[in-house]
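Chain by chain, the residues run as shown.
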Amino acid sequence: MNAFFMEQKNKNYANSEYMVRTGEKIDSKRIWEIRNHPLSRQYSGNPEAIPWKQHQNWFERKYFAGADNHFFVLEKSGEETIGYCRLDFDSEHNHYIVSVAIDPQFHGQGLGNFLLSETIVKFNGSKNLAAEIQKENIVSVKLFQKNNFKILSEDEKNYYLKYTYLN
Ligand SMILES: CC(C)(COP(=O)(O)OP(=O)(O)OC[C@H]1O[C@@H](n2cnc3c(N)ncnc32)[C@H](O)[C@@H]1OP(=O)(O)O)[C@@H](O)C(=O)NCCC(=O)NCCS
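Remember, predicted model here, so these are calculated numbers, not experimental data.

Quick notes on the rules
- Residues numbered from 1 in each chain as written.
- Predicted model: local features only at pLDDT ≥ 70, side-chain atom pairs only at ≥ 80, totals over all residues.
- Near = placed C-beta within 6 Å.
- Helix = DSSP H or I, 4+ residues; strand = E, 2+ residues; numbered from the N terminus.
- Nonpolar A, V, L, I, M, F, W, Y, C, P; charged D, E, K, R; others polar.
- Buried ≥ 20, exposed ≤ 12 C-beta atoms within 10 Å, placed from the backbone.
- Pairing = 2+ DSSP bridges.
- Expected span 1.5 Å × (residues − 1).
- Axes fitted to C-alpha atoms, helices over the stretch in contact; angles between N-to-C directions.
- Contact = placed C-beta atoms within 7 Å.

A. Structural view of the site of the ligand. Every one of the 23 residues lining the ligand counts as a neighbour, but Ala101, His107, Gly112, Asn113 and Ser140 are closest to it. Secondary-structure elements contributing two or more residues to the shell around the ligand are α3 (38-41), β4 (95-102), α5 (111-123), β5 (129-134) and α6 (138-146). Looking at which element gives the most residues to the shell around the ligand, the answer is α6, with 6 residues. Taken together, the residues that form the shell around the ligand break down as 11 nonpolar, 10 polar and 2 charged.

Structure below.
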């Protein structure tokens, strides 16, 4: 599916109180809070809580030191950042690895879908996207498949998915 059709799928939250925008330094604290919530860590590659100082160093180096890494956030108007979608470049495979998380208070309302689909449209990259999802993470597998990520391979624990930009 191309970017035009992805846009059509977003109509439920388009022009609503929710907005997806490019991430900024000011988002660091909320990203840390969302990432450290036990429900966000449940299926993470590293399920440990990250200390604030460690997060800050990582965040600065990852996104604000010139590397080809990007992130978008979901904002509720008049409130705060309630989700993030990271696109981290993997030079070995020449694709961006996507990870997405929504503040658990807002789960199950289609907002993960809005964030991921808007991110794909706004990023509009020239390289493919990839995701590594634990098989037990049913919601996430559904979310990525709904957004046209295809399962390329699997092992005992994970599915490995890929999204190809058509333009
Ligand atoms: C994955 C995550 C971002 C999904 O966010 P969300 O806003 O709750 O998801 P949505 O409401 O957009 O739902 C996505 C799909 O999952 C389904 N879903 C949502 N909650 C569900 C539940 N409790 N049980 C079964 N399916 C569920 C939805 O129905 C939807 O599928 P559909 O469109 O076919 O109906 C969120 O669960 C999260 O932050 N998880 C922790 C981090 C994580 O695991 N990230 C993924 C690895 S990168």
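B. Molecular detail of the pairing of strand β6 (residues 150-154). Counted residue by residue, β6 has 0 buried out of 5 residues, so it is predominantly exposed. With 4 bridges joining them, β6 and strand β7 (residues 158-163) adopt antiparallel strand pairing. Residue pairing across strands places Ile151 opposite Leu161, the latter belonging to β7. The hairpin formed by β6 and β7 contains 3 residues between the paired strands.

C. Seen up close, α5. Compared with the 18 Å implied by 1.5 Å per residue over 13 residues, the 18 Å span of α5 between its first and last C-alpha is a close match. For α5, the full list of buried residues reads Gly112, Asn113, Phe114, Leu115, Leu116, Ser117, Glu118, Thr119 and Ile120. Following α5 by one or two positions, Asn124 has its phi on the positive side, about 45°.

D. Region of interest: the sheet that holds strand β2 (residues 69-76). Judged by pairing direction, the sheet is mixed, and its 7 strands sit side by side in the order β1-β2-β3-β4-β5-β7-β6 without closing on themselves. At either margin of the open sheet sits one strand with a lone partner, and together these are β1 (18-22) and β6. Between one strand and the next, the sheet's axes are offset by a mean angle of 25°, whatever the strand orientation. Pairing of β1 with β2, which is carried by 5 bridges, proceeds in the antiparallel orientation. From the neighbouring strand, Arg21 faces β2, where its bridge partner is Val73. Across the sheet, helix α2 (residues 28-36) lies against β3 (81-90) and β4, angled at about 90° from β3, the strand it touches most.

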